[in-house]
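# Fold and contact review
Chain by chain, the residues run as shown.
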Amino acid sequence: MNKPDFNDNFCNKLTELLEWRRDVRQFKTDPLPDGTLDELLDLACLAPSVGNSQPWRYVLVESETTKKEIKENFERANAQALEGYDGEKAQLYANLKLSGMDRAPIQLAVFAHEETEQGHGLGHQSMPEMLRYSAVLSVHTLWLAARAKGIGLGWVSIIDPDAVKQTLEVPDEWALVAYCCIGYPTEEKDTPELVTLGWQDRLGDCRKLLIK
């Protein structure tokens, strides 16, 4: 296999991909073309993982009953989170759309298998959280792959992970790392919605480099 040529044009396009990767909440209901989700998951599995353990476990949520239960889970968690704010911040929080569960054609729960035998324990005996980090890298790879095809992804984190595990009846050794809504966005944006709505600006320089 020949070494690829990542030329300046490719690097510029990669920068555009990173800039236009947004956390999507507003979805069209149009289904993805046949085979697209499988292709995206194949790409997600190219993510790096500690000890080559590949601990990510994807669960496709299709049952309307299950979706309803998980949406109710989100609504409870969201109401509880709102109680942690007051004043203008509470009003702003109450008006944020923090889940695309109502319209996204695809919902995926992503878990980390924390007792996997793959990788034979290499690299995570002193830092067991590396298995979860590896699953997160898989989600990020999925996110970029989807964005490159004009598909949006929204990461729902306002949720009770133990209740999700119970709803989906997954093994005890699986830890929820992400609940993802996937589909075509209603509009394209290169600016985070939380910036547009006044919740939090992007940092001018996010690098916090310490030299010791």
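Just above sits the structure.
Here's a quick rundown of the structure. Source: prediction; values computed, not measured.

This brings us to the packing of helix H2 (residues 36-44) against helix H5 (residues 130-148). Two numbers describe how H2 lies on H5: the axes approach to 8 Å, and their chain directions differ by 135 degrees. By the angle between their axes, H2 is oblique relative to H5. The interaxial crossing formed by H2 with H5 has right-handed handedness. Mapping the contact onto sequence places Leu 40, Leu 41, Leu 43 and Ala 44 in H2 and Ser 138, Thr 141, Leu 142, Ala 145 and Ala 146 in H5.

Read across the open sheet, the four strands follow the order E1-E2-E4-E3; overall the sheet is antiparallel. Both edges of this open sheet fall to strand E1 (56-61) and strand E3 (152-156), since each of them pairs with a single strand only. Looking at each pair of strands side by side, their axes are set apart by 30 degrees on average, direction ignored. The sheet contact formed by strand E2 (residues 106-113) and strand E4 (residues 174-183) spans eight bridges and is antiparallel. The partner of Gln 107 across the bridge, within E4, is Cys 181. Most of the contacts of helix H3 (residues 64-82) go to E1, to which it runs at about 110 degrees, and overall it touches E1, E2, E3 and E4. Contacting E1, E2 and E4, helix H6 (residues 161-168) runs over the sheet at an angle of about 105 degrees to E2.

Within the structure shown, the criterion is met by six aromatic pairs. Considering the side-chain rings of Phe 6 and Phe 10, the 4.9 Å spacing of their centres and the 40 degrees angle between planes classify their relative orientation as tilted. According to the relative accessible area criterion, Phe 10 is partly exposed, its value standing at 39%. Three or more aromatic residues joined by ring pairs form one cluster here, namely Tyr 85, Tyr 93 and Trp 199. Sitting over the ring of Trp 143, Arg 21 keeps its end group 4.5 Å from the ring centre.

The subject of this paragraph is unusual backbone geometry. Positive phi values are uncommon outside glycine, yet Gln 54 reaches one of about 45 degrees. Along the polypeptide, Gln 54 turns up in the loop between H2 and E1. Here the phi dihedral of Glu 169 falls at roughly 55 degrees; this positive angle occurs in a residue that is not glycine. As for its placement among the helices and strands, Glu 169 is situated in the loop between H6 and E4.

What follows covers the environment of Thr 167. One can find Thr 167 in helix H6. Through-space distance from the C-alpha of Thr 167 to that of Thr 116 is 22 Å; in sequence the pair is 51 residues apart. Contacts of Thr 167, omitting those with residues within four sequence positions, involve Thr 66, Glu 69 and Ile 70.

Soluble globular proteins tend to bury their nonpolar side chains together. In terms of nonpolar packing, the biggest core is built from 25 residues, with Met 101, Phe 111, Leu 168 and Tyr 179 touching the most fellow members. Sorting the residues of this core by element identifies E1, H3, E2, H6 and E4 as the ones contributing at least two each. Counting residues per element, this core draws most heavily on E4, at four residues. Sequence-distant contacts of Leu 168, that is, excluding residues within four places in its chain, are made with Val 59, Val 61, Thr 66, Ile 70, Ala 109 and Phe 111. With 23 residues, the next largest nonpolar core counts Leu 32, Ile 106, Val 177 and Ala 178 among its residues.

Parameters and conventions
- Residues numbered from 1 in each chain as written.
- Predicted model: local features only at pLDDT ≥ 70, side-chain atom pairs only at ≥ 80, totals over all residues.
- Heavy atoms only, no water.
- Axes fitted to C-alpha atoms, helices over the stretch in contact; angles between N-to-C directions.
- Helix = DSSP H or I, 4+ residues; strand = E, 2+ residues; numbered from the N terminus.
- Parallel < 35°, antiparallel > 145°, perpendicular 65-115°, else oblique.
- Left-handed = near helix turned anticlockwise from the far one by under 90°.
- Contact = heavy atoms within 4.5 Å.
- Pairing = 2+ DSSP bridges.
- Phe/Tyr/Trp six-rings, centres within 6.5 Å; stacked < 30°, edge-to-face > 60°.
- Buried < 20%, exposed > 50% of the residue type's maximum accessible area, 1.4 Å probe, protein only.
- Lys NZ or Arg CZ within 6 Å of the ring centre and 35° of its normal.
- Core = buried A, V, L, I, M, F, W, Y, C linked by side-chain atoms within 4.5 Å.

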